[in-house]
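# Coordinate inspection notes
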Amino acid sequence: MPKFKKEVKKKSESKRIPEEKLILKSVKISAFFAGVFLVLSLFFNGTEWYYEGIIIKYVKKEIYWEILDYMIKVSVIVLEFSFMIISLGNYKELTGKPVKLKEILFLFGLSLVQTIRSLIVFIFTLIAIPIVIFYLYLIQES
Amino acid sequence: MIFTANFLINNSHAVIENIKPDYGVAPEIDGDIDRSDKEWLNASKENINLISSNPTDKGIPIEIWVMQNNSDLYISIQFELEIHKTQEFIGILISDSEATSNESFIDAKILQFYNLGNIGERYEYLDYYLLNDEFFRDQELHGEAAAKLDGNKIVYEFKIPVNNSDDSQDAFLDFGEKYAFKIIYGETPDYKNGIKKKNIVLIEIEYKKKKKENIWILVHNILCIIIFCGLGGLFALYIYKIIVIKKKIRRVRE
C-alpha cells in the first residue's frame, strides 16, 4: 500500500513540473514582448520623435498618415499593456494568487501616463485598454 | 463610376485644394531635391491636375509641395511627361486674396526653359505683374526659381518672398491670410496665349511659429524622463521577480 501511494505522488509531481515550466515560459515571453513595446512606446510617445510623428516625418504629411501615426502610438501602448497583463496573470498563477483589481488598475495607470504628450493618444488609449481588459475577462470566464 | 467621379473632380475647377504649409528649413533652389539633406522634409504635399480648356485633354497630374519659413514661401512642382518639348514653362500666378477670378491675379513668377533636353539647355526666371490679365515685366526681380529635368521627370522649385515686399509690382503675402495661386503650364514664352494647362490652389500663409515656452518644454521633457525611467525601473523589478520565482521553482524541483 505505501508503495502504491508513493508512486501516485511521484506521478502528480512529474505532471506539475512541465506545467509550471510552460507558465514560466509564457511569463518570460510575454514580459519580453511587453519590454519591446515599452521601448517602442518610449520612442513613439516619449522622445522628440513624438512631435513630428515618425510616419509623417518620413512618409507624407497627410491626414491619413497622421491617423496612422496616432494609431501606432496607441497600439504600442495597448500591446504593451496586453503582454504585460498576460505575463502578470501567468506570474500570479505561479505564485498561486489571482490578479487583483488594483494591480490591473495600476497597470492601466502606467499605460495612461505614457500618453502624457497627447490628448488624442490618451483618449484612444483610455477607450482601448478597457476593451482589452473586458476581452481578457471574457476569455477567462470561458 | 468611382473612377469617373474622381476624374471629374480632378478635372474641375470647383474643387480647389487648400494647402496649409508647415515651417521648414529653407531648401536650396537648384531644381534638385536632396533627400540626403532632408530637403523639403516638412513640405505639405498635394496631387493636383493641370487642366486644359480642351475637355478631351487629360491634363498633367502634378505633385505640388509647399513649405515656408519666416521670410519665404517655397513651392515645388513635379511632374512627368512622356516627351518634354524643347520649350516649357511653369508659372505661379498669385492672387491678391482668395479670389480666383482672372483679374485677381496680380503677380507672376515664371520659369521658362529653352532647348530643354538638348545641347544649350537653359532656363530663365521671370517676374511679371498682371494688369487685367495682361503680363508686364517687373522692373525688379524678386524671388528665385530653378528646375531640373531627370529622365522624364521635371522638378521646379520656386522661392517667393513673404511679408517683405515693398514692390507694388509684387503680391504682398501676409501672415495669416489665404491666397489663390494659379499654376500654369505652357511651352512658348507667350504668357497669356501660351498657357496650355492650369489649376488653382489656395495657400494659407502661416504665422511665424511661436516657440513654446522653454520652461514648459523642459518640464514636459523632465516629466517624460521621470515617467519612462519609472516604467523602466518597475519593469526591471518585475524581471527580477521572474528570476526569483524561476529559482524558487528550480529549488522546489530539486
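Cut-offs used in this document
Residues numbered from 1 in each chain as written. Chains lettered and ligands numbered in written order. Predicted model: local features only at pLDDT ≥ 70, side-chain atom pairs only at ≥ 80, totals over all residues. Heavy atoms only, no water. Helix = DSSP H or I, 4+ residues; strand = E, 2+ residues; numbered from the N terminus. Buried < 20%, exposed > 50% of the residue type's maximum accessible area, 1.4 Å probe, protein only. Contact = heavy atoms within 4.5 Å. Areas by Shrake-Rupley, 256 points an atom, 1.4 Å probe, with all protein chains shown as cover. Patch = residues over 30% accessible without salt bridge, like charges linked within 9 Å, V, L, I, M, F, W, Y side chains within 5 Å. Salt bridge = Lys/Arg side-chain N within 4 Å of Asp/Glu carboxyl O. Lys, Arg positive; Asp, Glu negative; His and termini not counted. Charge placed at Lys NZ, Arg CZ, Asp CG, Glu CD. Buried area = accessible area lost by both parts, 1.4 Å probe. Polar contact = N/O pair within 3.5 Å; in protein donor to acceptor, adjacent residues only side chain to side chain. Nonpolar A, V, L, I, M, F, W, Y, C, P; charged D, E, K, R; others polar. Pairing = 2+ DSSP bridges. pLDDT = per-residue confidence, 0-100. Phe/Tyr/Trp six-rings, centres within 6.5 Å; stacked < 30°, edge-to-face > 60°. Lys NZ or Arg CZ within 6 Å of the ring centre and 35° of its normal. Axes fitted to C-alpha atoms, helices over the stretch in contact; angles between N-to-C directions. Left-handed = near helix turned anticlockwise from the far one by under 90°.

Right, let's get into the overall build of chain A. Helices and strands together make up the secondary structure of chain A, namely 6 helices and 0 strands. When the helices and strands of chain A are listed from N to C terminus, the series reads α-α-α-α-α-α. Taken over 142 residues, chain A has a buried fraction of 38%. Looking at chain A alone, contacts between residues at least 24 apart form 63% of all its contacts between residues at least 6 apart. Roughly 9300 Å² of accessible area belongs to chain A as shown, and the carbon and sulfur atoms make up 70% of that amount.

Once that is clear, we can look at a positive patch on the surface. On the surface, A:Lys21, A:Lys25, A:Lys28, A:Lys97, A:Lys100, A:Lys102, B:Lys241, B:Lys247, B:Lys248, B:Arg250, B:Arg251 and B:Arg253 cluster together to form a positively charged patch. For the positive patch, the secondary structure elements donating two or more residues are helix H1 (2-46) of chain A together with helix H2 (214-253) of chain B. Per-element tally for the positive patch: the top contributor is H2(B), with 6 residues. Assignment of secondary structure puts B:Arg253 in helix H2.

What follows is about the interface of chain A and chain B. One widely used convention gives an interface's size as the accessible area the parts lose upon coming together. Between chain A and chain B, the contact holds 34 residues from the first and 27 residues from the second. Between chain A and chain B the total buried area reaches about 2700 Å² when both faces are included, carbon and sulfur atoms providing 71% of it. Joining chain A to chain B, the criterion identifies 0 salt bridges. There are 3 residue pairs in polar contact (both at pLDDT 80 or more) connecting chain A and chain B. Sorting the residues of the side of chain A that touches chain B by element identifies H1, helix H2 (49-52), helix H3 (54-58), helix H4 (63-95) and helix H5 (101-113) of chain A as the ones contributing at least two each. Tallied by class, the residues present in the side of chain A that touches chain B amount to 18 nonpolar, 7 polar and 9 charged.

Residues and elements named next belong to chain B. With 7 of 10 residues buried, strand E13 (residues 195-204) is to be regarded as a mostly interior element. Inspection of the sheet shows strand E3 (residues 44-52) paired to E13 by 2 bridges, in the antiparallel sense. From the neighbouring strand, Ser52 faces E13, where its bridge partner is Lys197.

Residue and element names in this part refer to chain B. Per-residue pLDDT for chain B averages 85, and the proportion of residues at 70 or more is 91%. This stretch, residues 1-13, has a pLDDT under 50; its non-local contacts, to residues over four places away or in other chains, come to 11 contacts. For this predicted complex, the interface score ipTM comes out at 0.79, while the overall pTM is 0.55.

Turning our attention to the pairing of strand E4 (residues 60-68) of chain B. Residue and element names in this part refer to chain B. Within E4, 7 of the 9 residues are buried, which leaves it mostly tucked inside the rest of the structure. Where E3 and E4 come together, 7 bridges link them in antiparallel fashion. Pairing of Lys45 across the sheet is with Trp65, part of E4. Alignment of E4 against strand E5 (residues 72-80), held across 6 bridges, turns out to be antiparallel. Bridged to Ile64 within E5 is Ile77.

All names here are of chain B. Relative to the helices and strands, Lys20 is located in the loop between strand E1 (17-19) and strand E2 (22-23). Once the C-alpha coordinates of Lys20 and Leu202 are considered, the two residues, 182 residues apart in sequence, prove to be 8.5 Å apart. Aside from chain neighbours lying at most four places away, what touches Lys20 is Ser44, Glu204 and Glu206.

Throughout the structure, instances matching the rule amount to 16 aromatic pairs over all chains. Both rings, one in A:Phe37 and one in A:Phe83, keep their centres 5.8 Å apart while their planes meet at 5 degrees; by these two values the pair is stacked. Placement of the pair is A:Phe37 in helix H1 and A:Phe83 in helix H4, with a sequence separation of 46 residues. Both rings, one in B:Tyr128 and one in B:Tyr191, keep their centres 5.3 Å apart while their planes meet at 70 degrees; by these two values the pair is edge-to-face. Here B:Tyr128, found in strand E8 (residues 122-131), pairs with B:Tyr191, found in the loop between strand E12 (178-186) and E13; they are 63 residues apart in sequence, far enough to count as distant. Here B:Tyr128 matches B:Tyr191 in class, with each residue buried. Taken together through their ring pairs, the aromatic side chains of B:Phe79, B:Phe113, B:Tyr123, B:Tyr156 and B:Tyr185 make up a single cluster. The ring centre of A:Tyr70 lies 5.3 Å from the NZ or CZ of A:Lys73, which sits over that ring.

This part is about the packing of H4(A) against H2(B). Their axes nearest at 11 Å, the elements H4(A) and H2(B) cross at an angle of 35 degrees. Crossing angle aside, the handedness with which H4(A) passes H2(B) is left-handed. Along the contact surface, H4(A) presents A:Met84, A:Ser87, A:Leu88, A:Tyr91, A:Leu94 and A:Thr95, while H2(B) presents B:Phe235, B:Tyr238, B:Lys241, B:Ile242, B:Ile245 and B:Ile249. Partitioning the contact of H4(A) with H2(B) into residue classes produces 9 nonpolar, 2 polar and 1 charged.

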